[in-house]
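Each chain, written out:
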Amino acid sequence: SWFVRGLSHMKGGTLEDAIGDFTRAIELKPSWPEAYVNRGVCRYRKKDFAAAIEDHTQAIRFSPKHALAHFNRAAAKVELQDYAGAREDYTRALEERPNHADSHFWRALCRDKLGDRPGAVADLEAALKCAPPNWPSRGEAETHLKQLRR
């Protein structure tokens with residue numbers, strides 16, 4: 001299928017081919033959230049953040065509780081410095097996956113950018129509490145938390 005082929009191109013790093021394959025999958029099944037999510041990830045990797053947001057918005061339209069679509073759309077919004085929009089999407093992702101350390105971490109960074117220091121501290125504490133010991137962002141979260149507590 002076009003979707004499986006898109007995944008293969010995505011893994012291989014041929015993002016334009018992956019985007020084309022996911023587009024064909026969408027043409028065949030326009031309400032398939034996963035095709036939009038994966039095409040959005042490819043567009044994000046190509047630094048086409050506006051198009052990534054559009055794709056993840058479509059995925060959310062068809063699957064409003066799609067935590068990964070909210071998380072990915074938030075990441076693209078961060079790249080465009082839309083911290084309020086990103087905070088909202090990370091919050092929606094956390095409604096579906098309350099123990100997702102990365103959502104807490106990135107929402108904390110958005111809250112900090114928006115001047116919500118107590119919210120940022122709470123999110124970093126939550127991230128550290130629910131993250132596995134080998135979580136890649138643990139050191140950065142601990143450092144940022146210490147800075148915020150000063």
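Brief notes about the side chain of histidine 100
Link 1 in the chain: Mapped onto the fold, histidine 100 is located in the loop between helix H6 (83-96) and helix H7 (101-113).
Link 2 in the chain: For histidine 100, a relative accessible area of 15% translates into the label buried.
Link 3 in the chain: In terms of polar contacts, histidine 100 uses its side chain to reach the side chain of serine 103, at 2.7 Å.
Link 4 in the chain: Sequence-distant contacts of histidine 100, that is, excluding residues within four places in its chain, are made with Phe71, Leu94 and Cys130.

Remarks on the packing of helix H3 (residues 33-45) against helix H4 (residues 49-62)
Link 1 in the chain: Between H3 and H4, whose axes approach to 8 Å, the crossing angle comes to 165°. One finds that H3 runs roughly antiparallel with respect to H4. Between H3 and H4 the crossing geometry is left-handed. Listed contacts from H4 to Pro33, Tyr36, Val37, Arg39, Gly40, Val41, Arg43 and Tyr44 of H3 are Phe49, Ala51, Ala52, Asp55, His56, Gln58, Ala59 and Phe62.

Examining unusual backbone geometry
Link 1 in the chain: The phi dihedral of lysine 47 is positive, around 65°, even though this residue is not glycine.
Link 2 in the chain: Of note, lysine 47 is situated in the loop between H3 and H4.
Link 3 in the chain: The exposure class assigned to lysine 47 is exposed, which follows from its relative accessible area of 63%.
Link 4 in the chain: Positive phi outside glycine occurs at glutamine 81, with the angle close to 60°.
Link 5 in the chain: Residue placement: glutamine 81 occurs in the loop between helix H5 (67-79) and H6.

So, H3
Three- or four-residue spacings in an α-helix give side chains the same orientation, since the helix completes a turn every 3.6 residues.
Link 1 in the chain: Here H3 is 13 residues long and its end C-alpha atoms lie 18 Å apart, about the 18 Å a rise of 1.5 Å per residue gives.
Link 2 in the chain: A large share of H3 lies buried, amounting to 10 of its 13 residues.
Link 3 in the chain: The set of residues buried in H3 consists of Pro33, Ala35, Tyr36, Val37, Asn38, Arg39, Gly40, Val41, Cys42 and Arg43.
Link 4 in the chain: Against helix H1 (2-12), helix H2 (15-28), H4 and H5 lie the buried residues of H3.

Here we look at the pattern of salt bridges
Link 1 in the chain: On inspection of all chains with the given rule, the structure shows 12 salt bridges.
Link 2 in the chain: A salt bridge links glutamate 16 to lysine 46; the shortest N-O distance between them is 2.9 Å. Taken together, the residues span a long stretch of sequence, with glutamate 16 in helix H2 and lysine 46 in the loop between H3 and H4 at a distance of 30 residues.
Link 3 in the chain: Here aspartate 123 makes a salt bridge to arginine 107, at a shortest N to O gap of 2.6 Å. A residue pair is termed long-range when its members are at least 10 positions apart, and aspartate 123 in helix H8 (residues 117-130) and arginine 107 in helix H7 qualify at 16 residues.

Reading guide: rules and limits
- Residues numbered from 1 in each chain as written.
- Predicted model: local features only at pLDDT ≥ 70, side-chain atom pairs only at ≥ 80, totals over all residues.
- Heavy atoms only, no water.
- Helix = DSSP H or I, 4+ residues; strand = E, 2+ residues; numbered from the N terminus.
- Buried < 20%, exposed > 50% of the residue type's maximum accessible area, 1.4 Å probe, protein only.
- Polar contact = N/O pair within 3.5 Å; in protein donor to acceptor, adjacent residues only side chain to side chain.
- Contact = heavy atoms within 4.5 Å.
- Axes fitted to C-alpha atoms, helices over the stretch in contact; angles between N-to-C directions.
- Parallel < 35°, antiparallel > 145°, perpendicular 65-115°, else oblique.
- Left-handed = near helix turned anticlockwise from the far one by under 90°.
- Expected span 1.5 Å × (residues − 1).
- Salt bridge = Lys/Arg side-chain N within 4 Å of Asp/Glu carboxyl O.

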